[in-house]
Amino acid sequence: MVLIGVLIACALVLLTFPVFLVQWSLYIAQSGSGKIPRGRWWFIPWLGESLHFFYKSPDQFFRERYARFGEIYRTHILGSPTIITSTPEHAKFILATKHKSFKAIYPPSIDRVLNHPSWEGAFHQRIRKIVQSSMLSETIRDSIPKFESLCRWCLEDWNEREFVVTHDETRKFAFHVALSITCSMAPCEESMRLLDSYGILSNGAISMPINFPGTGFHLAIKVRFHFRSEILTDLTSLVKRRKSDTATTYSDILGSLLASKDDQGTKFTDDEIRDILITFLFAGHETTAVFLVWIVKYLTEHPDILEQVRDEQDQIRSAREHPESPLTWSEIKNMPVSLRVVQESLRLANVAPFSPREVVEDVEHDGVLFPKGWKVQVYYRHFHLNPTYFKDPHKFDPSRFLTPPKPGIYTPFGNGIRLCPGSEVVKLEALIFIHLLVTNYNWKIVGGDCGVQYWPTPRPKGGLHLKVWKRSD
Ligand code: HEM
């Protein structure tokens, strides 16, 4: 008995010794030169503070550490020692165009589902150029009628249903907008099949990366093969059709990818094109869908603001010769109240709260050491909910955007070299959605407030159930 006790004690000492060594080296590093930021101690090497991170709520996890350690601190989550920073100065440095010491990464769950490294260097710039030019406001303004009819299609029978799961419908809308920009695909059997596959893929990406039968992540890995082969089939037939269709010029991303050559005249391979499409569709719809749900929730909870938005949108409609005419670019540009609702919802909801990076080489900035191999998360939520930058930060108050925020403080679309190229599309989608929703419908939330699902991005739990009726009813 005594022997077993001694053996267990020895095993514990042996197991925890390396952890103490790591922790001690951190202590030396931070006390010697005062470089690595402060943080909590952890005791299980791979796990670190991950259990707290997943099961408390990321929001509470970061809030507690922010309160204790300030704007920059270290932790150990998702299998890596990580520095969390939320000083505008560090964010600018880490995300800056020319800085090569940090490389972009996906969070492990998304990484293993998408299964390709983040785009870097010249390859990244080449893709970015194509993607950006497809989403400039001059380019997307021609797509207003297309986006509006997609939105009408998604909203058309809301009043006839017992209740609407808002997130299901906004996903349908955002996904078809992304498909339209990517490969000019209109709603069809194929697009709905892809939407379903993406639903399962996204469920895996938003779950903890545990590959065990029965988990969402396990299912997503399995579905990924199915999804990839589906994309491959669709893409192959699309390329075939495009090649034989010499009469039409396609101004979508797929068309540009197929035409693009690098400095040596090399084209993208089919595998590369598939990876770009998979990633682009992923980036392009999930965040937007959740964001539109938040807009509905905020408007419902603030009837005074909903009334102002409705007044604005009704005026636009009544100023037209035919009230049902499609929206125009000049009408979109003349929605200041609704635009402020969009800006404030982006700030408060923080649907993309992080920019994750990996440190490529030891780098020091402003008294902080970022050690090689560590992860860094620029955490925008600390900016956007900081009373120093936004008075009464948890209050939904679109009027705060009557005064533009200071540069580098309001960053819902990130910053620097990877600034979201879809920001103009998101705003356009949101304004079209608001216009059609408030001019056509009244609604109320049913099933009570189910709270917030924080992982991986904050969203109303259950997708927000609505009972909807026509305004004329
Ligand atoms: C509310 C909606 C959205 C939010 C909040 C959002 C936010 C972001 C953020 C913060 C990043 C930077 C990530 C980083 O620094 O690592 C990003 C990147 C990106 N976003 Fe968005 N996004 C949204 C919608 C969209 C849409 C609609 C599209 C396309 C149609 C899109 C396409 C992309 C792409 C391709 C990147 C990668 C850019 C690069 O690596 O150069 N996003 N997004």
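Residues numbered from 1 in each chain as written. Predicted model: local features only at pLDDT ≥ 70, side-chain atom pairs only at ≥ 80, totals over all residues. Heavy atoms only, no water.

### What to know about the site of the ligand
How we decide: By convention in these notes, a residue is near a molecule or strand provided one of its non-hydrogen atoms lies within 4 Å of it. For this analysis, a polar contact is any N or O atom pair within 3.5 Å, provided that within protein one partner can donate a hydrogen and the other can accept it, and provided that sequence-adjacent residues contribute only side-chain to side-chain pairs. The numbering of helices and of strands both runs from the N terminus, where a helix is a DSSP run of H or I of at least 4 residues and a strand a run of E of at least 2. Put simply, Ala, Val, Leu, Ile, Met, Phe, Trp, Tyr, Cys and Pro go in the nonpolar bin, Asp, Glu, Lys and Arg in the charged bin, and everything else, Gly too, in the polar bin.
Taken together, 21 residues lie near the ligand, and His 124, Arg 128, Ser 355, Arg 357 and Cys 420 sit nearest. Take Ala 283: an N or O atom from its main chain is 3.5 Å from a nitrogen atom of the ligand. One of the side-chain nitrogen or oxygen atoms of Arg 357 is found 2.9 Å away from an oxygen atom of the ligand. Counting residues per element, the ones that place at least two in the shell around the ligand are helix 6 (121-134), helix 13 (270-301) and strand 5 (354-359). Among the elements that take part in the shell around the ligand, helix 13 stands out by supplying six residues, more than any other. Residue composition of the shell around the ligand, grouped by class: eleven nonpolar, seven polar and three charged.

### What about the sheet that holds strand 1 (residues 72-77)?
To keep things clear, this is the line we draw: Pairing between strands requires that DSSP locate at least two bridges from one strand to the other. Axis definition: a line fitted to C-alpha atoms, over the contacting stretch in the case of helices. Angles run 0 to 180 degrees between N-to-C directions. Any two residues whose heavy atoms approach within 4.5 Å are treated as being in contact.
Judged by pairing direction, the sheet is mixed, and its five strands sit side by side in the order 1-2-8-5-3 without closing on themselves. For this open sheet the edge positions go to strand 1 and strand 3 (102-104), each flanked by a neighbour on one side alone. Neighbour to neighbour, the strand axes of the sheet diverge by 35° on average, direction disregarded. In the sheet, strand 5 pairs with strand 8 (residues 375-379) via five bridges, with the strands oriented antiparallel. What sits directly across from Pro 356, in strand 8, is Gln 377. Strand contacts of helix 3 (residues 58-69): strand 1, strand 2 (80-85), strand 5 and strand 8, with the helix running at about 140° to strand 1, the strand carrying the most contacts. Helix 4 (residues 88-95) contacts strand 1, strand 2, strand 3, strand 5 and strand 8 of the sheet and is inclined by roughly 125° relative to strand 8.

### Concerning the sheet that holds strand 4 (residues 164-165)
The strand order across the open sheet formed by three strands is 4-12-9, and the pairing between neighbours is antiparallel. Of all the strands in the sheet, just strand 4 and strand 9 (441-445) have a single pairing partner and so form its edges. Pairing between strand 9 and strand 12 (residues 465-470): five bridges, direction antiparallel. From the neighbouring strand, Ile 445 faces strand 12, where its bridge partner is Leu 466.

### Topic: the coordination of the iron atom of the ligand
Spelled out, the test is: Shown as donors are all N, O and S atoms within 2.8 Å of a metal ion, widened to 3.2 Å for Na, K and Ca; because water is not in the atom set, sites may appear incomplete.
Its sole protein donor being Cys 420 (SG), the iron atom of the ligand sits 2.3 Å from that atom. With respect to the helices and strands, Cys 420 occurs in the loop between helix 17 (380-384) and helix 18 (423-440).

### A short note on the pairing of strand 1
Spelled out, the test is: For each residue, the accessible area found with a 1.4 Å probe, counting protein chains only, is set against the maximum for its type, and the residue is called buried under 20%, exposed over 50%, and partly exposed in between.
Within strand 1, six of the six residues are buried, leaving the element largely enclosed by the surrounding structure. Residue alternation in strand 1 divides its side chains into two sets, Ile 72, Arg 74 and His 76 and Tyr 73, Thr 75 and Ile 77, and both sets are buried. Across six bridges, the pairing between strand 1 and strand 2 is antiparallel. Looking at strand 2, one finds that Ile 77 is bridged to Ser 80. The hairpin formed by strand 1 and strand 2 contains two residues between the paired strands, and Leu 78 there has a positive phi angle of roughly 50°.

### Observations concerning the pattern of salt bridges
Quick note on the threshold: Within this document, salt bridges are pairs made up of a side-chain nitrogen of Lys or Arg and a carboxyl oxygen of Asp or Glu, the two lying within 4 Å of each other.
Applying the stated criterion across every chain yields a total of 20 salt bridges. Glu 120 is the salt-bridge partner of Arg 418, the closest N and O atoms lying 3.3 Å from each other. Of this pair, Arg 418 sits in the loop between helix 17 and helix 18 while Glu 120 sits in the loop between helix 5 (108-114) and helix 6, and the two are 298 residues apart along the sequence. Note that Asp 271 is salt-bridged to Arg 274, the shortest N-O span being 2.2 Å. Of this pair, Asp 271 and Arg 274 are both found in helix 13, three residues apart, which corresponds to roughly one turn of the helix. Note on Asp 271: relative accessible area 43%, which makes it partly exposed. Residue classification places Arg 274 among the buried residues on the basis of a relative accessible area of 9%. Several salt bridges converge on common partners, so that one network encompasses Glu 148, Arg 152, Arg 317 and Glu 324.

### A look at the nonpolar core
Basically, it comes down to this: Nine residue types can take part in a nonpolar core, namely buried Ala, Val, Leu, Ile, Met, Phe, Trp, Tyr and Cys, and a core is a set of them joined through side-chain atoms within 4.5 Å.
With 84 residues, the main nonpolar core has Trp 158, Phe 291, Ile 295, Ile 332, Ile 432, Phe 433 and Trp 443 as its most contacted residues. With 16 residues, the single largest contributor to this core is helix 13. Sequence-distant contacts of Phe 433, that is, excluding residues within four places in its chain, are made with Cys 151, Leu 155, Trp 158, Thr 170, Phe 173, Leu 292 and Val 296. Formed by 18 residues, the second largest nonpolar core is a distinct cluster that contains Ile 36, Ile 72, Val 376 and Phe 383.

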